[in-house]
Amino acid sequence: DAGVTQSPTHLIKTRGQQVTLRCSPISGHKSVSWYQQVLGQGPQFIFQYYEKEERGRGNFPDRFSARQFPNYSSELNVNALLLGDSALYLCAAGTGREGGYTFGSGTRLTVV
Amino acid sequence: TQLLEQSPQFLSIQEGENLTVYCNSSSVFSSLQWYRQEPGEGPVLLVTVVTGGEVKKLKRLTFQFGDARKDSSLHITAAQTGDTGLYLCAGSGGATNKLIFGTGTLLAVQP
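Figured I'd write up the structure that's included with this text.

Conventions we followed
- Residues numbered from 1 in each chain as written.
- Chains lettered and ligands numbered in written order.
- Predicted model: local features only at pLDDT ≥ 70, side-chain atom pairs only at ≥ 80, totals over all residues.
- Heavy atoms only, no water.
- Core = buried A, V, L, I, M, F, W, Y, C linked by side-chain atoms within 4.5 Å.
- Buried < 20%, exposed > 50% of the residue type's maximum accessible area, 1.4 Å probe, protein only.
- Helix = DSSP H or I, 4+ residues; strand = E, 2+ residues; numbered from the N terminus.
- Contact = heavy atoms within 4.5 Å.
- Pairing = 2+ DSSP bridges.
- Axes fitted to C-alpha atoms, helices over the stretch in contact; angles between N-to-C directions.

### Some thoughts on the nonpolar core
Residues and elements named next belong to chain A. Counting 23 residues, the largest nonpolar core has W34, I46, L76 and Y89 as the members making the most contacts within it. The greatest single-element share of this core, amounting to four residues, is contributed by strand β9 (residues 87-94). Not counting chain neighbours up to four residues away, the residues in contact with L76 comprise V19, T20, L21, W34, I46, F47, S65, A66 and Y89.

### Section: the environment of N24 of chain B
All names here are of chain B. Examined against the element boundaries, N24 turns out to sit in strand β3 (residues 19-24). Residues N24 and V47 lie 23 residues apart in sequence; the distance between their C-alpha atoms is 17 Å. In contact with N24, other than residues within four places in its own chain, are L3, L4, E5, K70 and D71.

### Points about the pairing of strand β8 (residues 71-76) of chain B
Residues and elements named next belong to chain B. Pairing analysis gives six bridges linking β3 to β8, with the strands arranged antiparallel. Pairing of L19 across the sheet is with I76, part of β8. Note that strand β7 (residues 61-65) and β8 share five bridges and pair antiparallel. Note on β8: the bridge partner recorded for T62 is H75. From the end of β7 to the start of β8, which pair antiparallel, there are five residues, and R69 there has a positive phi angle of about 60°.

### Overview of the sheet that holds strand β1 (residues 5-7) of chain A
All names here are of chain A. Spatially, the four strands line up as an open sheet ordered β1-β3-β8-β7, and their pairing is antiparallel. The open sheet has two free edges, formed respectively by β1 and β7 (64-68), since each of these has just one partner strand. Recorded for the sheet is a direction-independent mean angle of 15° between the axes of neighbouring strands. One ladder, built from three bridges, connects β1 with strand β3 (residues 19-24); its direction is antiparallel.

Now the structure itself:
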């Protein structure tokens, strides 16, 4: 059973550009959440999707958007990139019920 | 705003020593999880605790959830070099079950 897969693993973008990050959850896991982890800090919640509907949104600007597809995979989009968006972006899959989440290895985004 | 504070932030110990990491909040969580994260990887779930006062053991690791479900601790007995990593506590609750992560404890176990 494959774990949560994220692509790409690393990405370098320039300020003002747009980026799309992708996540494929474990089979049967209908909940997908996105987190941003800046170096030296714990992950910060960005979005949660369940059954293709947005269930929660963290304190991030409207430049951040996401969606979930019928196969439960998900994309995170960030527009008008800023230097401060440089971080490890993590995708977490869950069943939607109480319990732990399975995280992907993340996408390391560097904005220059 | 729900916040989880972890202490200590950094810990460097010798192999064989014991240690305890604390996770504290002023908020109540319906469940609390502990994760371990290695460089370049995502967090890996160690345990989930849901009942106030609950104690769970995972080999040399002992996890405790406070009676009021506001705090937790992780105790490692006879630390090994393989225990090195970033330890994160995370609380969840509410409609979304989103995770609120703690500030993290970076553990280095020296041989």
